[in-house]
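The chain contents come next:
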Amino acid sequence: MSPQTNAPRHNPKVVTALRRFAISISVLNIFGYTVLGFEQPWTWPLIALATAYSLEIVLEIIGARAEGRTARFRGNGPRGVMEFLYPAHITGLAVNMLSYVNDIVWVMMFGVIVAVGTKWVLRAPVKGRMRHFMNPSNFGIAVILVLFPWASIAPPYQFTEYLDGGFDWLVPAIILSLGTMLNAKLTERMWLILAWLGGFALQAVVRGLLFDTSIPAGLAMMTGVAFVLFTNYMITDPGTTPSSKWGQIAFGGGVATLYGVVTALGIAYGLFFATALACGIRGTFLWTADIVARKRAEEALALAAVTRSVAQADAVVQKAADAACTCPEGACACPAPADAEAAACACPDGACSCPAPADAEAETLRTPVVA
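Residues numbered from 1 in each chain as written. Predicted model: local features only at pLDDT ≥ 70, side-chain atom pairs only at ≥ 80, totals over all residues. Heavy atoms only, no water.

(A) View of the environment of Pro12. Structurally, Pro12 is set in helix 1 (residues 12-36). In this structure, the C-alpha to C-alpha distance between Pro12 and Leu186, residues 174 residues apart in sequence, is 9.8 Å. (Helix = DSSP H or I, 4+ residues; strand = E, 2+ residues; numbered from the N terminus.)

Structure, rendered in structure tokens:
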């Protein structure tokens with residue numbers, strides 16, 4: 001039996017969004033290492049890509065064999081392979097670009113491995129299919145920050161380190177413009193962005209009122225390149241965020257709320273931890289909703305089976321009752337009563353209770369009388 005073939009991994013709009021994400025982050029890395037002032041060695045993006053590509057392909061081959069299907073990178077030539085590797089390309093470059101692990105390259109590679117691998121581990125049922133719910137690159141960076149306390153996120157100044165004379169505003173302006181067009185037309189995550197921005201501003205004000213922190217400083221963070229990049233290219237990941245309007249609002253506002261809580265607790269790098277927590281809560285919700293739906297479906301099937309059984313039993317009883325009083329055509333199984341005032345067909349126990357035909361003439365049984 002040949003392995004089953006699958007429908008395309010993504011619809012055309014998502015493929016276009018992934019392609020533009022991949023192009024954008026590639027261009028940003030090229031300019032980052034040649035113009036802006038990225039801190040990591042220039043060979044590290046290549047190492048990150050090699051790690052991400054290799055692991056993605058190996059895991060896909062294993063998954064395809066386990067599920068009895070054709071690997072998703074086969075069947076469409078080089079274009080199919082390239083489209084398959086878009087997510088790995090984005091993940092590898094993002095983990096390397098946004099994390100800073102000094103000169104220990106294997107820690108960066110570890111983060112890439114965690115990011116790519118989590119798509120095969122942290123999954124939940126979505127519309128009948130198992131989908132990953134944890135933002136891969138965000139989770140890889142968060143794991144690095146937890147396991148290696150000496151590591152940190154990439155310094156925000158690296159995005160504008162060598163720009164001056166007003167050009168330092170050009171980078172966030174370009175990222176904001178391109179990201180807004182991308183999210184408005186392709187990922188359709190503008191409700192999420194609006195909820196995230198509004199929630200972030202609100203939590204800055206609330207923290208200032210409750211904990212006497214600087215409200216202007218909390219709001220000023222929204223003007224940084226790192227925040228703009230995170231808003232347009234990290235939190236809006238279409239594969240790990242809701243697509244409905246209210247789902248997006250809940251997710252964006254939830255990340256902002258969790259960021260306020262995490263920051264109020266004195267935990268650094270709140271953006272990454274808040275996003276990971278929000279994705280984890282969403283995954284728990286998806287599993288809970290699926291379990292409840294399955295339980296209700298089982299209860300409905302059980303109720304339907306009981307209803308059918310009762311209906312079948314009633315039908316059998318009715319059929320037996322009908323058969324117990326089936327008389328031959330034009331006849332009755334019990335004789336007409338001798339007394340006219342008696343019932344039309346007073347039958348003994350166990351006899352048929354159908355009356356004699358209305359047009360039938362009762363025969364009188366004459367008994368000879370001895371003189």
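(B) Summary view of the pattern of salt bridges. Taken as a whole, this structure holds 7 salt bridges when the rule is applied. Here Arg69 makes a salt bridge to Glu60, at a shortest N to O gap of 2.7 Å. Pair check on accessibility: Arg69 and Glu60 agree, each one buried. (Salt bridge = Lys/Arg side-chain N within 4 Å of Asp/Glu carboxyl O. Buried < 20%, exposed > 50% of the residue type's maximum accessible area, 1.4 Å probe, protein only.)

(C) Expanded view of the pairing of strand 3 (residues 129-132). Across 4 bridges, the pairing between strand 2 (residues 123-126) and strand 3 is antiparallel. By the bridge assignment for strand 3, Arg123 is matched with His132. What sits between the antiparallel neighbours strand 2 and strand 3 is a turn of 2 residues, in which Lys127 has the positive phi angle 55°. (Pairing = 2+ DSSP bridges.)

(D) Inspection of helix 1 at higher detail. Compared with an ideal rise of 1.5 Å per residue, which puts 25 residues at 36 Å, helix 1 spans 33 Å between its outermost C-alpha atoms and is within 8% of the ideal. Val15, Thr16, Ala17, Leu18, Phe21, Ala22, Ile25, Leu28, Asn29, Gly32 and Leu36 are the residues of helix 1 that are buried. Among the structural elements, helix 2 (44-67), helix 3 (77-98), helix 6 (170-187) and helix 9 (225-233) are those in contact with the buried residues of helix 1. Once helix 1 finishes, Gly37 follows within two positions and takes phi at roughly 120°, a positive value. (Expected span 1.5 Å × (residues − 1). Contact = heavy atoms within 4.5 Å.)

(E) Examining the side chain of Asn138 more closely. Mapped onto the secondary structure, Asn138 falls in helix 5 (residues 136-147). For Asn138, a relative accessible area of 0% corresponds to the buried category. In this structure, Asn138 is in contact with Phe230, Met234, Leu271, Phe272, Thr275 and Ala276, ignoring residues within four places of it in sequence.

(F) Region of interest: unusual backbone geometry. Despite not being glycine, Lys127 shows a phi value in the positive range, around 55°. Along the chain, the position of Lys127 falls in the loop between strand 2 and strand 3. One non-glycine residue, Glu188, adopts positive backbone phi at about 55°. Mapping Glu188 onto the fold places it in the loop between helix 6 and helix 7 (190-211). Residue classification places Glu188 among the partly exposed residues on the basis of a relative accessible area of 44%.

The quantities given are spatial measurements derived from coordinates; they are silent on function.
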